[in-house]
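Okay, here's what each chain looks like letter by letter:
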Amino acid sequence: MLDAFSRVVEQNDKKGSYLSADEINGLTAIVADSNKRLDVVNRLTSNANSIVANAYRSLVAERPQVFNAGGACFHNRNQAACIRDLGFILRYVTYSVLTGDASAMDDRCLNGLRETYQALGTPGDAVASGIQKMKDAAISIANDSNGITKGDCSQLISEVAGYFDRAASAVV
């Protein structure tokens with residue numbers, strides 16, 4: 001996993017070139033938005049347990065057939081695995097927000113996740129629904145303007161949403 005700065009340096013080093021004005025401007029924008037990123041990551045991290053628990057509860061209410069007797073997530077260990085996986089996905093979303101890059105989430109969290117759920121008989125659309133519930137809660141928390149760095153956060157919020165959408169797409 002490379003942060004944006006390391007990635008730009010590595011790409012230019014391979015080409016044997018200096019940084020372009022566009023690359024420098026892009027990195028300048030990252031620095032300018034870094035406090036907003038840190039605020040969003042802090043909020044999501046501070047609320048991670050409730051984001052995951054509420055998404056799980058809502059998912060159980062929405063899809064009881066998956067969690068009742070005979071469902072893919074009926075046993076306690078399967079339910080615990082569902083909660084764990086939602087937590088993992090949220091954690092990697094926060095890493096992606098912090099770095100502005102989804103490569104760690106792709107490589108270490110999402111790669112092979114669909115196949116794992118298929119092998120376990122867990123409906124991917126149910127997992128995607130849980131991810132959507134976390135996304136809704138996370139965006140609500142991140143959009144709360146109290147105690148957050150002032151400025152337009154619409155691009156960052158769109159980025160946060162994109163990471164959740166990427167995760168949801170990976171499981172269906």
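With an unreviewed UniProt entry as reference, the chain is termed Phycobilisome protein, source organism Cylindrospermum stagnale PCC 7417. We quote the UniProt Subcellular location (unreviewed entry) comment for the chain here in full: "Cellular thylakoid membrane". In UniProt, the chain has this text filed under Sequence similarities (unreviewed entry): "Belongs to the phycobiliprotein family."

Visitor: Even after reading the chapter, I still don't get the packing of aromatic side chains, so can you show me in this structure?
Guide: Any pair of aromatic rings gets described here by the distance separating the centres and the angle formed by the planes. Applying the stated criterion across every chain yields a total of two aromatic pairs. Judged by centre distance (5.5 Å) and plane angle (85°), the rings of Tyr56 and Phe67 are edge-to-face. One end of the pair, Tyr56, is in helix H4 (residues 48-62); the other, Phe67, is in helix H5 (residues 64-67), and 11 residues separate them in sequence. As far as burial versus exposure is concerned, Tyr56 and Phe67 are alike and both buried.

Visitor: What is the right way to read the UniProt feature "binding site: (2R,3E)-phycocyanobilin 1" (unreviewed entry) in the chain from this model?
Guide: Residues annotated in UniProt with the feature "binding site: (2R,3E)-phycocyanobilin 1" (unreviewed entry) correspond here to Asn35, Asp39 and Cys153. Spanning 119 residues, the annotated positions come together in the fold, the maximum distance between their C-alpha atoms being 10.9 Å. Accessibility expressed as a relative area gives 45% for Asn35, which makes it partly exposed. Here Asp39 shows up in helix H3 (residues 34-46).

Calculation notes
The numbering scheme is per chain: residues are counted from 1 as the chain's sequence reads. It should be noted that, the model being predicted, local features are given only for residues of pLDDT at least 70 and side-chain atom pairs only at 80 or more, the latter also being counted only at that level, while totals for whole chains, interfaces and linings use all residues. The side-chain numbers reported here are obtained from all heavy atoms of the structure, hydrogens and water having been left aside. UniProt positions are given in the numbering used here, feature names are shortened, and annotations may be inferred rather than shown by experiment. Here a pair means two rings of Phe, Tyr or Trp (six-membered ring of Trp) with centres within 6.5 Å. Their orientation is stacked below 30 degrees between planes, edge-to-face above 60, and tilted elsewhere. Put simply, DSSP marks the helices as runs of H or I at least four residues long and the strands as runs of E at least two long, and each gets a number from the N terminus on. Partly exposed residues are those whose accessible area sits between 20% and 50% of the maximum for their type, while under 20% is buried and over 50% is exposed, using a 1.4 Å probe and protein chains only.

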